[in-house]
Amino acid sequence: MKKRLILACALFTSLFSMQASAQGAPDWHTQSNYTDIISTHIQLDLKVDFKKKQMQGYIEHTLKKINSDTKILSLDTRALTILKVELLNQGKWQAGHFKLAEKDSVRGSQLNIKLSESTSKVRVHYHSNPEASGLQWLNPEQTAGKKYPFMFSQSQAIHARSWMPIQDTPAMRVTYSAKITTDKSMRPVMSANNNPKRSADGVYHFEMPQAIPPYLIAIAAGDIHHKAMSKQTAIYSEKEYLDAAAKEFEDTQAMIDVTEKMYGPYRWNQYDLLILPPSFPFGGMENPRLSFITPTVLAGDKSLVSLIAHELAHSWSGNLVTNATWRDLWLNEGFTSYVENRIMEEVFGRERALMEQALSTQGLIAELKELPEGDTILHVEIEGRDPDDAFSGVPYTKGQLFLIFLEEKFGREKFDAFVRQHFEQHAFQSLDTQSFVTFLNDNLINKYPGIVSDKEINEWIFAAQLPSYSPNPTSDAFSNVQKNIDGWMSNNKALADVPTSNWTVHEWLYFLNNLPQDISLEKMAELDKAYNLTASTNNEIAHAWLLLSIKRQYAAVNDRLQDYLITIGRRKLIVPLYQELAKRKTSREFAVKAYKIARPGYHPLAQGTVDAIFAKAEK
Ligand code: BES
Ligand code: ZN
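Residues numbered from 1 in each chain as written. Chains lettered and ligands numbered in written order. Predicted model: local features only at pLDDT ≥ 70, side-chain atom pairs only at ≥ 80, totals over all residues. Heavy atoms only, no water.

Draft legend 1. Representation of the overall build of the protein within the structure. Scanning the protein from terminus to terminus reveals 18 helices and 21 strands. Relative to the 2.2 N^0.38 estimate, which gives 25 Å for 619 residues, the radius of gyration of the protein is 25 Å and therefore close to what a compact globule would have. Over its C-alpha atoms, taken along the principal directions, the protein stretches across nearly 90 × 65 × 55 Å. Counting every position in the protein, which comprises 619 residues, the buried fraction comes to 57%. (Helix = DSSP H or I, 4+ residues; strand = E, 2+ residues; numbered from the N terminus. Rg over C-alpha atoms; globule rule 2.2 N^0.38 Å. Buried < 20%, exposed > 50% of the residue type's maximum accessible area, 1.4 Å probe, protein only.)

Spelled out as structure tokens, the structure:
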């Protein structure tokens, strides 16, 4: 009898684990027990305390058991102060027991809450702490208006846990509602149904009725105003950015319209943009209904709006169809980079789209030479590591090139239908790489046999570097720029005869990125004199110029460089500059000085990245 029971148990366990593996390998980056029990709805009741730099209040989880034997709810936390726990047992709130486990250096501290048989909801009362990795608290001087403080969250990849006790894995989805209290002079916004009107009492209510992965729960608060752009789009920002942003991003509605034609309906109703202060560590973050955007793309000529196409594209790839774990990030970012470029082609034409492809491919090829071999794989191994440390252009541009490869092999008609089916069939689900490969084989590769082999698919997804047969996007405009570089460098052409007057920002970027790395200081000075590059107000052009200037030790840029490093906190723009500065002793000293002034204004993530650059340089 006993033996039979053990056998039955073993059968049950193996059945269960079979089911678990059919859903893919568990997410190493969470310590929550999300395969046993999930929270399906979250309610937040939080006060934004600018004085203490804390979020204070409670989170309520509505629970659904997957394994009926579950007696514990394990949540992710990092640097949170847990005050008390309450359980809803048969309609009554009762005090609960909890224990915070020892901290794991990557994942934080697991919070274990004892459940009763009948527990249907759990409330955790807590506050975050000023060092929360997922929040930045800005002083008034760091804002455009200089009068009010500002705060914002950045939860991707595993920082939601630093401001909410939560099951912090993209493998699951929740709906949420929130009551947020701030000072009357401030306005909070969330990745939810924002109300364009400000409240009189500083209390705001939000609903997100669509199930999203926890890393997409987002909040910001500050002296935030609203300006509508079209029926579905608006800008939220400090007053100072409102008009410029509404003009720069006026094509957002057109972007939504063309994407819907290609890939099916936009499912999130409203699509607004929140323009953040310049310390925002990313270009953008695809928080649903409200993308968070750096002000460094306000160039005045729409030259950098591919960022908006990118964040919008995530409304299909990423937010609708999500990576199940962070090693599957390429499913989010690769698809998004691909869709972004298709949007740019529809709205701004083929030539611009090709230029953007060529620039990012050049960037990837340079990066592939520097990265550890393992990190050049799409299905990257990140167990035991902080996903932020494995961040690179690989999931983005190698992922995009893989999809361009498929597009070219099968033709747009078949490939577009496949992508559309992917979004439809996997809507509001999380997907891992293996499940995607099965779907790809069933619906494209084996449906039209003899076009792309298994070996090629495996090489793209599971092998290092780029396949020899990778697409290599080029542009006629860039070939022309290259001819001019060659002519000027060989002194067969005067700089005055290089036809720059009609160049787009992209042609300028190609030009600067492709000048010989040993260009003479005379030629640097000649360029600067002719085009005033040191004073360029386009942040991408300034970045490319400053980077070359550091390499060539062209000291005339130093004041501008210091100012750039102090006023911008976007990692993509500052990290390569610090890396280059750290290589030589004199420039390192310059960088240390600039960083001393800049660091207090940077986001915790940017601080971490730049700290690591100096630590490595000193070794
Ligand atoms: N979702 C990303 C930002 C991100 C990725 C944050 C991984 C944390 C972990 C966002 O959509 C993004 O890709 N931003 C880019 C935009 C660019 C590629 C157009 C950025 O910030 O530079
Ligand atoms: Zn992205």
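The discussion continues.
Draft legend 2. Representation of the side chain of Thr259. Along the polypeptide, Thr259 turns up in helix 3 (residues 252-263). Looking at Thr259, the relative accessible area reads 0%, which means it is buried. Setting aside its immediate chain neighbours within four residues, Thr259 contacts Gly264, Leu312, Trp316, Val339 and Ile343. (Contact = heavy atoms within 4.5 Å.)

Draft legend 3. Looking closely at the packing of helix 7 (residues 394-410) against helix 9 (residues 433-445). Two numbers describe how helix 7 lies on helix 9: the axes approach to 13 Å, and their chain directions differ by 20 degrees. Between helix 7 and helix 9, the crossing angle belongs to the class labelled roughly parallel. The crossing of helix 7 and helix 9 is right-handed. Residue-level inspection shows Phe402, Leu406 and Phe410 of helix 7 in contact with helix 9, the latter providing Leu440, Leu444 and Ile445. Along the lines of polarity and charge, the residues of the contact of helix 7 with helix 9 split into six nonpolar, no polar and no charged. (Axes fitted to C-alpha atoms, helices over the stretch in contact; angles between N-to-C directions. Parallel < 35°, antiparallel > 145°, perpendicular 65-115°, else oblique. Left-handed = near helix turned anticlockwise from the far one by under 90°. Nonpolar A, V, L, I, M, F, W, Y, C, P; charged D, E, K, R; others polar.)

Draft legend 4. View of the coordination of the zinc ion (ligand 2). All of the protein donors around the zinc ion (ligand 2) are His310 (NE2), His314 (NE2), Glu333 (OE) and Glu333 (OE); their distances to the metal are 2.0 to 2.8 Å. Sequence spacing of the donors to the zinc ion (ligand 2): H-x3-H-x18-E. A relative accessible area of 0% means that His314 is categorised as buried. (Donors = N, O, S within 2.8 Å, 3.2 Å for Na, K, Ca; no water.)

Draft legend 5. Spatial organisation of the packing of helix 14 (residues 539-552) against helix 16 (residues 571-581). Where helix 14 meets helix 16, the axes come as close as 9 Å, and the angle between the chain directions of the two elements is 5 degrees. Taken together, the axes of helix 14 and helix 16 lie roughly parallel to each other. Listed contacts from helix 16 to Asn539, Glu540, His543, Leu546, Leu547, Ile550 and Lys551 of helix 14 are Lys572, Leu573, Pro576, Leu577, Glu580 and Leu581. Across the contact of helix 14 with helix 16, the residue classes break down as seven nonpolar, two polar and four charged.

Draft legend 6. Representation of the site of ligand 1 within the structure. Neighbouring residues of ligand 1: 15 residues in total, closest Gln156, Gly283, Glu286, Glu311 and Tyr396. Separating a nitrogen atom of ligand 1 from a side-chain N or O atom of Gln156 is a distance of 2.7 Å. Notes on ligand 1: free accessible area 530 Å², of which the protein chains cover 89%. Only strand 18 (284-285) and helix 4 (306-313) provide two or more residues apiece to the shell around ligand 1. Ranked by residue count, the leading element in the shell around ligand 1 is helix 4, at three residues. Split into classes, the residues belonging to the shell around ligand 1 amount to five nonpolar, six polar and four charged. (Near = heavy atom within 4 Å. Polar contact = N/O pair within 3.5 Å; in protein donor to acceptor, adjacent residues only side chain to side chain. Areas by Shrake-Rupley, 256 points an atom, 1.4 Å probe, with all protein chains shown as cover.)

Draft legend 7. Spatial organisation of helix 7. Taking 1.5 Å per residue as the helical rise, helix 7 with its 17 residues ought to reach 24 Å, and the 23 Å between its terminal C-alpha atoms agrees with that figure. The element helix 7 is extensively covered by neighbouring structure, given that 15 of its 17 residues are classed as buried. Two residues or fewer after helix 7 comes Gly411, characterised by a positive phi angle close to 90 degrees. (Expected span 1.5 Å × (residues − 1).)

Draft legend 8. Structural detail: the sheet that holds strand 12 (residues 187-190). Reading across from one edge, 9-10-14-12 is the order of the four strands in this open sheet, with antiparallel pairing throughout. Edge positions in the open sheet fall to strand 9 (135-138) and strand 12, since each of these has one partner strand only. With strand direction ignored, the average angle separating the axes of adjacent strands in the sheet is 10 degrees. Looking at chain direction, strand 12 and strand 14 (residues 219-222) are connected through four bridges and run antiparallel. (Pairing = 2+ DSSP bridges.)

Draft legend 9. Structural context of the pattern of salt bridges. Going through the model one piece at a time under the given rule, you end up with 24 salt bridges. The salt bridge involving Lys179 is made with Asp45; its shortest N-O contact spans 3.9 Å. Within this pair, whereas Lys179 is found in strand 11 (residues 174-181), its partner Asp45 is found in strand 1 (residues 37-49), the two being separated by 134 residues in sequence. For Lys179, a relative accessible area of 32% translates into the label partly exposed. With its nearest N and O atoms 2.7 Å apart, the salt bridge here joins Arg599 to Asp611. Here the residue Arg599 occupies a position in the loop between helix 17 (585-598) and helix 18 (604-618), and Asp611 occupies one in helix 18, the gap between them amounting to twelve residues. You can call Asp611 partly exposed: its relative accessible area is 30%. Put simply, Arg342, Glu345, Arg350, Glu407, Arg412 and Asp416 are held in one network by salt bridges that share partners. (Salt bridge = Lys/Arg side-chain N within 4 Å of Asp/Glu carboxyl O.)

Draft legend 10. Structural context of the pairing of strand 14. Residues Ile219 and Ala221 point to one face of strand 14 and Ala220 and Gly222 to the other, with burial holding for every one of them. Relative to strand 14, strand 10 (residues 150-153) runs antiparallel, the two sharing two bridges. Paired with Met151 across the strands is Ala221, a residue of strand 14.

Draft legend 11. Focus on helix 8 (residues 412-425). Look at helix 8: 19 Å from first C-alpha to last across 14 residues, which is about the 20 Å you get at 1.5 Å a residue. Those residues of helix 8 not exposed but buried are Phe415, Asp416, Phe418, Val419, His422 and Phe423. Viewed end-on, helix 8 has its buried residues packed into an arc of 155 degrees, placing them on one side of the element. Packed against the buried residues of helix 8 are helix 3, strand 20 (321-323), helix 5 (329-348), helix 7, strand 21 (429-431) and helix 9. (Arc of directions from axis to C-beta.)

Draft legend 12. Up close: the environment of Phe462. With respect to the helices and strands, the residue Phe462 is situated in helix 10 (residues 454-462). On the basis of relative accessibility, which here comes to 31%, the residue Phe462 falls in the partly exposed class. Each C-alpha atom, one on Phe462 and one on His379, is 5.8 Å from the other, the two residues being 83 residues apart in sequence.

Draft legend 13. Looking closely at the environment of Ser337. As for its position among the elements, Ser337 is in helix 5. Residues Ser337 and Glu311 lie 26 residues apart in sequence; the distance between their C-alpha atoms is 9.4 Å. For Ser337, the residues in contact, after removing those within four places along its chain, are His310, Tyr396 and Gln400.

Draft legend 14. Focus on the packing of aromatic side chains. Inspection of every chain in the model, using the stated rule, returns 34 aromatic pairs. Between Tyr266 and Trp316 the ring centres are 5.8 Å apart and the planes differ by 55 degrees, which places this aromatic pair in the tilted class. Of this pair, Tyr266 sits in the loop between helix 3 and strand 17 (271-275) while Trp316 sits in the loop between helix 4 and strand 20; the two residues are 50 residues apart in sequence, bridging distant segments of the chain. We note that Tyr266, like Trp316, is buried. (Phe/Tyr/Trp six-rings, centres within 6.5 Å; stacked < 30°, edge-to-face > 60°.)

Draft legend 15. Fine view of the nonpolar core. In terms of nonpolar packing, the biggest core is built from 135 residues, with Ile217, Phe402 and Leu406 touching the most fellow members. Contact partners of Ile217, with chain neighbours within four places excluded, come to Ile42, Leu44, Ser153, Ser155, Trp163, Met164, Ile166, Val174, Tyr176, Met190, Ser191 and Ile212. Leu512, Ala544, Ile550 and Ile574 belong to the second largest nonpolar core, which has 53 residues in total. (Core = buried A, V, L, I, M, F, W, Y, C linked by side-chain atoms within 4.5 Å.)

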